[in-house]
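Structural description and commentary
Here is what each chain is made of, one letter per residue.
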Amino acid sequence: MSTKHDQIIKYIENLPVGGKISVRAIAKELNVSEGTAYRAIKEAENKGLVSTIERVGTVRIEKKMKDNFDRLSFAEIIGIVDGQVLGGRDGLHKTLNKFVIGAMELDAMMRYTQKDALLIVGNRIEAHELAIKAGAAVLITGGFDTDDRIKRLADEKELPVISTSYDSFTVAEMINRAIYDQMIKKEIIVVEDIYTPLDHTYYLQESDTLEKWYTYNADTTHTRYPVTNETEKVTGMVTSKDIINKDKQLSVAKAMTKNPLTVQPHTTLAYAAHMMVWEGIEIIPVVDQQHKLQGLISRQDVLKALQQIQLQPQIGETIEDIITREIELLEDEAPDIVFSGKVTPQMTNQLGSLSTGVLTTFVTEASRRFVRKMKKGDMVVDNVSVYFLRPVQLESTILIKPRILEVGRKLAKMDVEVYSNKKTLVAKALLMAQLLDR
């Protein structure tokens, strides 16, 4: 049985793209409280179904898929450039294919301006008109307005005309940065990308008997199953340990382990992997914000995805990418395993010294490569304690020397020394990590 919250989400999903949404209208239409409507709209915004634009309101938008991350909607452009809409509000949900900077003669400008483009231009009324007639939206820089007839044309064509106080160069930089950030987000794998959906998931209900566990076990050979109540919310987990020496006719509710660990679709793969390793569990239920079961993620899913990440080319570059790119193995330091790194301007703090956070990344990444080199598989860091630290200047070359203090089948304890310019000790750290089998 679906709740009022679920009904509102379904209602929003069925609205036409570009349609306006308001708390009051939904509350009246579906006969729910405004508080319930507000919470559902917020979840719809988190899911990428709607977008709230200042001075415009909340608009139903097309959900951004992974293969469409590098395309921004005009609604997103408004937020990026702190703009205001002069006309064409009904087209804010549309996405742009490219943007054109109008710093050229009119004829040359129009050769590049095409359908679904965004023309970035100043106070050039004729350019505004020609762009809209060509099927492109317009972003007017310098805080200028446009003629009323241009606004009416924009409304008719459903192509936004946006005004911003920034200059053309700054606006282009801001949009480029936003697309770049989107590409980085695209590369971050989340649970939603790899989990097994509900229609392929074996799960039990509280009212079932343990007999059903044995049936599932015979069919799948798995030993862990999530448990849901009558509203499909996850309330427990049943494992082989829970059913030992118990009557097969006993209800699942009386045998299950309550309040199991769960993840949500937007949880990152890295967090899910750490949770599984730290807790030593094979599967985790995937739930929505109402704690309803959406599917499962298994240890095998996580390990397979982690291996795939290493094979993928990088499109967007994070701070961590910049740091780890600088780390190299020094072959001439044998028999010791020593790594080197260069301190670049992006890695420094306001005083021009190596940032503590960057140092920690150097230590953890060098330790990870050290573990791989020692053929111990991969690892998930549990704790890093830096117990000695001196300033490291810009353009310094650092040497990182990991050393294993203790290693078991699942746990590694390491001491890491960091030297500047080969001989000056600048940091010492103690690192604890869980080992992942290959």
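The written sequence of each chain sets the order in which its residues are numbered from 1. Totals for whole chains, interfaces and linings use every residue, but because this is a predicted model, local features are given only for residues with pLDDT of at least 70 and side-chain atom pairs only at 80 or more, for both listing and counting. The basis for every side-chain value is the complete set of heavy atoms in the structure, and neither hydrogens nor water enter the calculation.

**Quick notes on the overall build of the protein chain**
Every helix listed is a DSSP run of H or I at least four residues long, and every strand listed is a run of E at least two residues long, numbered separately from the N terminus. Secondary structure assignment for the protein chain yields 16 helices and 21 strands. The proportion of buried residues among the 438 residues of the protein chain is 44%. Put simply, 54% of the contacts in the protein chain that link residues at least 6 apart link residues at least 24 apart. Only protein chains enter the accessibility calculation, which uses a 1.4 Å probe. A residue is then buried if its area is under 20% of the maximum for its type, exposed if over 50%, and partly exposed in between. The contact criterion used throughout is that any non-hydrogen atoms of two residues lie within 4.5 Å.

**Topic: the nonpolar core**
Core analysis: the largest hydrophobic core is formed by 29 residues, its most contacted members being Leu354, Phe362, Ile400 and Val418. Where this core is concerned, the elements lending two or more residues are helix H15 (319-325), helix H16 (356-373), strand S19 (397-407), strand S20 (411-420) and strand S21 (424-436). Of the residues forming this core, the biggest block, seven residues, is contributed by H16. The definition of a nonpolar core used throughout is a set of buried Ala, Val, Leu, Ile, Met, Phe, Trp, Tyr and Cys residues joined through side-chain atoms within 4.5 Å. Counting 18 residues, the second-largest nonpolar core is a separate cluster that includes Leu86, Ala136, Ile140 and Leu153.

**Focus: the confidence of the model for the protein chain**
As a per-residue measure, pLDDT reflects the predictor's confidence and takes values from 0 up to 100. Per-residue confidence for the protein chain gives a mean pLDDT of 84, with 90% of residues at or over 70. Of the regions scoring below 50 in pLDDT, residues 65-70 engages in eleven contacts with residues more than four places distant in sequence or in other chains. Scored below 50 in pLDDT, residues 311-315 shows six contacts in the model against residues more than four places distant or in partner chains.

**Here we look at empty space enclosed by the protein**
Computed over the protein atoms alone on a 1 Å grid, cavities are sets of points where a 1.4 Å probe fits but cannot get out and pockets are open sets with protein on both sides within 12 Å along at least five of seven lines; a residue lines them when it has an atom within 4 Å of a point. Grid points are joined across faces, edges and corners, and a volume is the space filled by probe spheres set on the points. Taken as a whole, this structure holds one cavity of 30 Å³ or more when the rule is applied. Of the volumes computed, that of the largest cavity is approximately 40 Å³. The wall of the largest cavity is formed by Ala273, Met276, Val277, Arg299, Val302, Leu303 and Leu436. Those elements that provide at least two residues to the lining of the largest cavity are helix H13 (269-279) and helix H14 (299-311). Classifying every residue of the lining of the largest cavity gives six nonpolar, no polar and one charged. Polar here means any residue outside two lists: the nonpolar Ala, Val, Leu, Ile, Met, Phe, Trp, Tyr, Cys and Pro, and the charged Asp, Glu, Lys and Arg; Gly therefore counts as polar.

**Focus on the environment of Leu119**
Among the secondary structure elements, Leu119 is positioned in strand S6 (residues 117-121). Sequence-distant contacts of Leu119, defined by excluding residues within four places in its chain, comprise Val100, Gly102, Met109, Met110, Thr113, Ala127, Ala131, Ala137, Val138 and Leu139.

**Section: the pairing of S21**
Two strands qualify as a pair provided that DSSP identifies no fewer than 2 bridges between them. Both strand S18 (residues 378-389) and S21 contribute to a ladder of ten bridges, which runs antiparallel. In the sheet register, Val381 faces S21, and the bridge partner there is Ala433. Where S20 hands over to S21, the hairpin turn is made up of three residues, of which Asn421 adopts a positive phi near 50 degrees.

**Some details on the sheet that holds strand S9 (residues 196-197)**
Across the sheet, three strands lie side by side as S9-S15-S14; this open sheet has antiparallel pairing. The open sheet has two edge strands with one neighbour each: S9 and strand S14 (283-287). Examined bridge by bridge, S14 and strand S15 (residues 293-298) share five bridges and lie antiparallel to one another. Considered in S15, the bridge of Pro285 is made with Leu296.

**Examining the sheet that holds strand S13 (residues 257-258)**
Strand order across the open sheet formed by four strands is S10-S11-S12-S13, with mixed pairing between neighbours. A strand with exactly one partner marks an edge of an open sheet, and here the two such strands are strand S10 (204-205) and S13. This element, helix H10 (residues 210-220), spans S10, strand S11 (225-228) and strand S12 (234-238) of the sheet and lies at about 145 degrees to S11. A fitted line through C-alpha atoms serves as each axis, taken over the contacting stretch for helices, and the angle formed by two N-to-C directions is quoted from 0 to 180°.

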